[in-house]
Amino acid sequence: MSRKLFELANAAAEEEGLVYAPDSAAMAWMRKFSKMVATQERERCARVCEEMGSPDIAAAIRREEE
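Analysis parameters
- Numbers given for residues are sequential positions, taken from 1 along each chain in its written order.
- The predicted nature of this model means local features are confined to residues of pLDDT at least 70 and side-chain atom pairs, given and counted, to a pLDDT of 80 or more, with totals for whole chains, interfaces and linings taken over all residues.
- In computing side-chain values, all of the structure's heavy atoms are included and hydrogens and water are not.
- Put simply, DSSP marks the helices as runs of H or I at least four residues long and the strands as runs of E at least two long, and each gets a number from the N terminus on.
- Radius of gyration means the value over C-alpha atoms here, while the globule rule gives 2.2 Å times the residue count to the 0.38 power.
- Any residue under 20% of the maximum accessible area for its type is buried, any over 50% is exposed, and the rest in between are partly exposed; the area is computed with a 1.4 Å probe on protein chains only.
- The method behind every accessible area is Shrake-Rupley, applied with a 1.4 Å probe, and residues are considered shielded solely by the protein chains displayed.
- Expected span of a helix: the number of residues minus one, times 1.5 Å.
- Take a side-chain nitrogen of Lys or Arg and a carboxyl oxygen of Asp or Glu: if they are within 4 Å of each other, that pair is a salt bridge.

A. Expanded view of the overall build of the protein. Scanning the protein from terminus to terminus reveals three helices and zero strands. In the protein, the order of α-helices and β-strands from amino to carboxyl end is α-α-α. For 66 residues, the compact-globule formula gives about 11 Å, and the C-alpha radius of gyration of the protein, at 16 Å, lies well above that figure. In terms of principal-axis extent, the alpha carbons of the protein reach across some 45 × 25 × 15 Å. A burial count over the protein gives 12% of its 66 residues as buried. Within the structure as shown, the protein displays about 5,400 Å² of accessible surface, and the carbon and sulfur contribution to it stands at 57%.

B. Region of the structure containing the environment of Met30. Inspection of the secondary structure puts Met30 in helix H2 (residues 24-51). With relative accessibility at 12%, the residue Met30 sits in the buried group.

C. Representation of helix H1 (residues 3-15) in the model. Taking 1.5 Å per residue as the helical rise, H1 with its 13 residues ought to reach 18 Å, and the 18 Å between its terminal C-alpha atoms agrees with that figure. In the segment just after H1, Gly17 is the residue with positive phi, at about 75 degrees.

D. Layout of the pattern of salt bridges. Applying the stated criterion across every chain yields a total of four salt bridges. Between Arg44 and Glu41 there is a salt bridge, with the nearest N and O atoms lying 2.6 Å from each other. Here Glu41 and Arg44 lie together in helix H2, a separation of three residues that amounts to about one turn. Glu41 sits in the partly exposed class, given a relative accessible area of 38%. The partner of Glu50 in a salt bridge is Arg62, with the nearest N and O atoms 2.6 Å apart. On the criterion of sequence distance, the pair formed by Glu50 in helix H2 and Arg62 in helix H3 (residues 55-65) is long-range, its members being twelve residues apart. Since its relative accessible area comes to 39%, Glu50 is described here as partly exposed. Connected through shared salt-bridge partners, Glu43, Arg47, Glu50 and Arg62 make up one network.

See below:
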């Protein structure tokens, strides 16, 4: 897990009054969730590029997923 993701998880847990102690299942879920968010954001950016008339950039962004 990246340091930044770990810090965000700790901050979120602290705001809720929880103690963050990731086990392997929690870490796997966080990696999966992070990948889902990144995929959605990448697709959103690709659509914006297409709408702005840059299909080549959109295609490059989508290729990055593979």
